[in-house]
Structure formats: C-alpha cells, structure tokens
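If you want the building blocks of each chain, they are given just below.
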Amino acid sequence: MTAQQSEDHEQQHRPNAQVGSRIGRRLLSYILAFSFLVTLATTAFILFSDYKRGLSSYDQNIHQIRSSYLDSISYSLWNFDIPQLEAQLTGILNFPGVAYVFIESSDGTLFSAGDVMQGADIRHDIQVFFQSNEREFNLGTLHIDIDYTTLFSELKSKAINILVTQFIKTFSVSIFILFIVNRLLTRRLQRMSEWAGQFSLHQLEHPLDLSLIRGKADELNDVADAINQMRLKLQQDVIREQAATQELKNTKEKLAVAIDNAALGLCEYNTEQDQFDANSHFATHLGLTRLELEQIPHPMEMLLSLINGPDATEQQERLHQLLYGRIPRVFDTYQIFNKRDELCYVDMTFQITDYQENRPANILICMVNKTQQHIASQQAEELTINLENKVAKRTEELYDEQMRAKLSMQRLSQQLERCRTQLSNQRHNSLNRLLLQELTLHQQQHPTRLDIFQRYLHIIIDDHTQTMDLSLHLQRWLTTIPVKEKSADLPLSLVLEENAELFSFVLELLVPEENWPQLQQLMIKAGTDGRSGFIQVKQTLSNHRQEPYGFTLAQHIAENRLMGDLKCQWQQETPTAEKTTHTLIMDLQFSLSSR
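Residues numbered from 1 in each chain as written. Predicted model: local features only at pLDDT ≥ 70, side-chain atom pairs only at ≥ 80, totals over all residues. Heavy atoms only, no water.

Undergrad: Could you give an account of the sheet that holds strand E5 (residues 265-270), naming the residues involved and the relevant values?
TA: Here six strands make up an open sheet; going across it, the order is E6-E5-E10-E9-E8-E7 and the pairing antiparallel. The open sheet has two free edges, formed respectively by strand E6 (275-278) and strand E7 (307-308), since each of these has just one partner strand. Judged from the four bridges that link them, E5 and E6 form a sheet pairing that is antiparallel. If you follow Cys267 over to E6, its bridge partner there is Ala278. Helix H10 (residues 312-323) rests against E5, E7, strand E8 (329-337), strand E9 (343-356) and strand E10 (359-369) of the sheet, and its axis sits at about 135 degrees to E8. (Pairing = 2+ DSSP bridges. Helix = DSSP H or I, 4+ residues; strand = E, 2+ residues; numbered from the N terminus. Contact = heavy atoms within 4.5 Å. Axes fitted to C-alpha atoms, helices over the stretch in contact; angles between N-to-C directions.)

Undergrad: Tell me what's going on with unusual backbone geometry, and back it up with residues and numbers.
TA: The phi angle at Asp274 is positive, at roughly 55 degrees, despite the residue not being glycine. Tracing the backbone through its elements, the reader meets Asp274 in the loop between E5 and E6. Its relative accessible area of 24% is what places Asp274 among the partly exposed residues. At Asp341, a position not held by glycine, the phi torsion is positive, near 55 degrees. Relative to the helices and strands, Asp341 is located in the loop between E8 and E9. (Buried < 20%, exposed > 50% of the residue type's maximum accessible area, 1.4 Å probe, protein only.)

Undergrad: How would you explain the sheet that holds strand E4 (residues 135-146) if you had to name every residue and give the values?
TA: In a beta sheet, neighbouring strands are held together by backbone hydrogen bonds and run either parallel or antiparallel to one another. Reading across from one edge, E2-E1-E4-E3 is the order of the four strands in this open sheet, with antiparallel pairing throughout. Bordering the open sheet on either side are strand E2 (110-114) and strand E3 (122-132), each of which pairs with just one other strand. On average, each strand axis in the sheet is tilted by 20 degrees relative to the strand beside it, whichever way the strands run. Sheet topology places E3 next to E4; 11 bridges connect them, and they run antiparallel. Within E4, the position partnered with Phe130 by the bridge is Phe137. Helix-sheet contacts for helix H3 (residues 70-79) involve strand E1 (98-105), E2, E3 and E4, and the interaxial angle to E3 is about 60 degrees.

Undergrad: Which residues make up the packing of aromatic side chains, and what values do they have?
TA: Going through the model one piece at a time under the given rule, you end up with six aromatic pairs. Ring centres of Tyr334 and Phe350 lie 6.3 Å apart, and the angle between their planes is 80 degrees; on these two criteria the pair is classed as edge-to-face. Within this pair, whereas Tyr334 is found in strand E8, its partner Phe350 is found in strand E9, the two being separated by 16 residues in sequence. With respect to burial, Tyr334 and Phe350 carry one shared label: buried. Cluster of aromatic residues (ring-pair linked, three or more members): Tyr269, Phe276 and Phe282. (Phe/Tyr/Trp six-rings, centres within 6.5 Å; stacked < 30°, edge-to-face > 60°.)

Undergrad: I'd like a description of the packing of H3 against helix H4 (residues 82-93), backed by residues and values.
TA: Relative orientation and spacing of two packed helices are given, respectively, by the angle between their axes and the distance between those axes. Packing of H3 against H4 leaves a shortest axis separation of 9 Å and a crossing angle of 155 degrees. When the axes of H3 and H4 are compared, the pair comes out roughly antiparallel. Of the two possible hands of crossing, H3 and H4 adopt the one that is left-handed. In this structure, H3 contributes Ser72, Ile73, Ser76 and Leu77 to the contact, and H4 contributes Gln84, Leu85, Gln88 and Ile92. Tallied by class, residues from the contact of H3 with H4 come to four nonpolar, four polar and no charged. (Parallel < 35°, antiparallel > 145°, perpendicular 65-115°, else oblique. Left-handed = near helix turned anticlockwise from the far one by under 90°. Nonpolar A, V, L, I, M, F, W, Y, C, P; charged D, E, K, R; others polar.)

Undergrad: How would you explain the packing of helix H14 (residues 500-510) against helix H15 (residues 551-560) if you had to name every residue and give the values?
TA: Where H14 contacts H15, the two axes come as close as 8 Å, and the packing angle between them is 145 degrees. Classified by chirality, the crossing of H15 by H14 is left-handed. Within the contact between the two elements, H14 uses Leu502, Phe505, Val506, Leu509 and Leu510 and H15 uses Phe551, Leu553, Ala554 and Ile557. For the contact of H14 with H15, the per-class residue count stands at nine nonpolar, no polar and no charged.

Undergrad: Summarise the pairing of E4; cite the residues concerned and give the values.
TA: Of the pairings in the sheet, the one linking E1 to E4 comprises seven bridges and is antiparallel in character. Within E4, the position partnered with Glu104 by the bridge is Thr141. Where E3 folds back onto E4 in an antiparallel hairpin, the turn is made up of two residues, including Asn133, whose phi is positive at roughly 55 degrees.

Undergrad: Outline the side chain of Asp347, supporting the account with residue identities and numerical values.
TA: Inspection of the secondary structure assignment puts Asp347 in strand E9. No salt bridge is formed by the buried Asp347, whose closest oppositely charged neighbour, Lys370, lies at an N-O distance of 4.4 Å. Side chain to side chain, Asp347 and Thr333 meet in a polar contact 2.6 Å long. Ignoring any residue separated from it by four or fewer positions in sequence, one finds Asp347 in contact with Phe331, Asp332, Thr333, Cys366, Met367, Val368 and Lys370. (Lys, Arg positive; Asp, Glu negative; His and termini not counted. Salt bridge = Lys/Arg side-chain N within 4 Å of Asp/Glu carboxyl O. Polar contact = N/O pair within 3.5 Å; in protein donor to acceptor, adjacent residues only side chain to side chain.)

Undergrad: Before we move on, can you summarise the pairing of strand E17 (residues 582-591) with the specific residues and values?
TA: Judged by how many residues are buried, E17 sits mostly within the fold: eight of 10 residues are covered. Of the pairings in the sheet, the one linking strand E15 (residues 532-541) to E17 comprises 10 bridges and is antiparallel in character. Bridging from a neighbouring strand, Gln539 pairs with Leu584 of E17.

Any functional reading would require information beyond the geometric quantities listed.
Given below as structure tokens:
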C-alpha cells in the first residue's frame, strides 16, 4: 500500500472512531434540550397554578373580612370606639398579603394600620354602613391594600427549587441513558462502521459479527443478520456474474464458429472513410476475396450497382434514404449479379449503428445467401402448379362422376317411385277386389256386410291416432265378450301411438258377434319382440267353420296400416263322447314404429 493510499485509508476510518462521541453529544444535547423545554413548561404550569391559587386565597380573605369584620367595624365607628377599631384594623392587617388598611369616615377622619410606604399591587374599597331604626347611614370607606411581594417570593423560590431538581434528575438520567446507548448502540455501530469501511465485492468472506446483549438478539443483530444475508446474496451474484461472463465469452466463441459455419456475411461500412470492413463470407457472396473487397473504391456504390431485378430501383432508393439517415434500418431480399456474373439471391439487412452530426457514421450489413433456397422455392412453386393442375383435372373428373352418379340415383329414385306406385296400386287392387266381392255378395245374400266397410272407411278417414295403452285396451275389450271361460296373458303396459278404435275394429273382425253362440273359450295374449308387437287370439268353437268373413279385411289392415301380418290356423281337439271342439288361433303382428 502506498503512502497516499494509507492516508486515504486513515481519513476513511478516522471518523469512525469519533462516531460514538458524536452520537453521545448529540443524544445528550437532545435529551437536555427536550427535558429543559418540558421542565419549563411544567414549571410554568405549576407556577401559574400556584399564582392563581394565591390570588384566590387573597380573594377569599377579602370575602372573609367582609363577612367577619365589616359589622363590628361599623358598630365601632358608630359608637366612636377607637381602641376597638384599632384592634380590628390590626386583625385585618394579619391576613396574608395585606400591607396597609385604613378607614376614611364620612366626616374626613382617618383610621389606619400598617406601613403606608410599603406600596400595594391592588386596593379593595369596601363601603361601611350602619343601620339604626330601619335607617342606613354611610359611615365611610374601608380601604385594604394587597401586596403580592410575599406571593412572588414564594413562587420564585419554588421555581428555583423545581428547576434545580429537574436539572439534576434530567442530567443524571441523561448520563445513564448515554451510558446505555454507548454500551448497546455506539460500540456496535462502530463495529458495523469499521466492517462497512473494509467491505468490497472482492472481500465477501468475512461476515459482520455483533456480540449479543445478555445472550439475546436485538434490532441491531437483525440488521447484522440482514447485512450478512445481503453479503451472501452478493457473493452468489458475483459467482453467477463470473459464470455468466465466462458463458458469454464461450457463447461469443461459439457464435463466431456458427457464423463461419453458416456462411453469414458481416460487414461494417464507415461512411467517413468510405470503406468496407467485412469477413470472408461477405466477400465470397459478392464474388470477391476479402483483399479485393478492401481495395475497391466507393464500395457502397459498387454494392448498389450489383442489385438487379424488377424491384431494383425501389430497393436502391430505400438504401439511399438509409445513407441519408432518413430511415434507420432496411431488410429485403435482393437479386444481384456478383463479380463472377452469377445470379444470386441474398437476404441483406442494413442497420445504422452510429450517427455523427445527424448523419450515419457506421452501418452494419448482414448478408445471407438464399440462392439455393430460392431455386428450391421456384421448383416447389412449379411442382405446386403442376399439382394444382392435376388436382383441378381430377376434380373435374370427380365432378363428372358425381353428376353421372346423381343421374343414376335419379333414375333409381324414379324406378323406386314406380315400384311404390305399383305396390300401392296392388294394395288398393286387393281392397278393390274385396269391395267388389262384398258388393257382389251384398246383391245376392249379405246386404249387411257393407256396414263393416263403411265403418272401416269412417275409422280411416277420421284417424284419431293418439298415445294408447294396448294392454289396458285389450282388457276392456275382453270384458265385452259374453263367454264364461276367458283369460288374458298381457304385459303390465304396452304404450304405442295408434288409433285405439282401429284395434277394436280388427278384434271385432277376428271374433265376430255371429260366432259368440258357438264360442266356448277365449284366450288373448299380447307382447313385443324387438321392434314389433303381437296379439294372439285363441278361440274354442263348438262347430268347425270357415275363417270369419272379415278376416280378409283384417289381413289388409295388418299388412297396409299396421305394417305387419295376420295368420290363421285351425286345431281340432280330440273328440269325446259328448262333443268335438275346434280351436281357431289367429296371430296378428304389427310394427311398433309404423307410424
């Protein structure tokens, strides 16, 4: 360490040795000044209170004189009892603060007691009256001079006593506080000051250590702990900064290698010297060597002259604006012919890095050769155009196929519609044949059967389709059949959307009223099987007969309205001695989603 550094070090640490005395003197002066102000205020308050109390005492004395002495004085004056009057004035003179008292009678006679030369601060005048035979006589005036000298003397001695006592107490307490502050704060602050004077970013190994007071930590220890934590964080930050610096250095080296590998051309153009400072990649992109590029006069004009293509004029104009400082940065893709007359496509960025007198002084130029990418992009565009043409051609072919398929679907739809029409005609033909048959029978022997068709037509035309419970409907219909033996095997509920009157009509066709006399037993069963339902009517007859005359109409309703089927089967029971029975089983199937 040199002599100058030693002197600076001493100047830095010399105030630290006096920090305790400065804080002590300042603390002592603050305590004494504040205590003096508080003592003055309390003393003034006490003295003022005593002064008011003394004045009140004097007023009470005057009141007592009025109440105790005034009657006797008036009586003595009335009777001219001079000795008694002097004794009374002497008694008044014994009251505190009374300096001189005298009576001035109405005829001018003067009676007094006390020292008339002593002086008075205030005089009280009291009229003396005497009453005799309900008459009041003014005998004179009693004058009492009050002197505050005694009161002021007492207040002065009391003030001196209070001030001296408070000064001694305040000074003693201040000395004790100064001792405590020096022990608890000053020495530890000196230690912190010395540590802070030696603190630097290169010496972070030594922590700030403060001794504990009676083994307990206080606020200064908390401050020391916080400083030590800050020291540790700074130490960690310094280590991280050193690591970041080293990493930045390594990154710069890697970036230089990456620039060389990526063939990134970098150049700095100095407008004042009109010279390029470029790397080898920049010169290679221009078809030159680095030495040839440095020897070219007016290199920026040379670079602008290499720009070619349909946008060359606009690009050169923008670069001229950058050279005049009107725009700070220019980036674009340029088409150039280098010095070897090779067509190249390059991405160049021109960035002003320094100004001098509002004009560009240094311009950074970055160049990347995109020739191969541009050629690949052109080839990709050509492939895209070819692909689009093929897609358009294939789209037209698919459109033609779609139109042909649509025409085929239209022909198939027309054929399907004709088939539906034929099927509908066939169904109507069956109904027409049935109606024709019934009309023929009506003319011959069964004139009442036309009522059945009339009723059917009414049901179809009105068509009161609604939500119905088929199980409940079958139970109600079964109760209307007058047969002794009848049973039903029905589900708990079978809900569907259909005309309930139509089901009743079909059941009446299957079990006509003309069969009731031969009907011995009737069984009905219903249920579902997937998307269809079924109703089985089993009736036992005493005589074998043909199917009911309405069976054909019921079969037509089952096939065309209920989208199902109706079948009929006869079973002959074993004959007995008494009779032979015949069983007719009819199975009705219907679609649950026909409507």
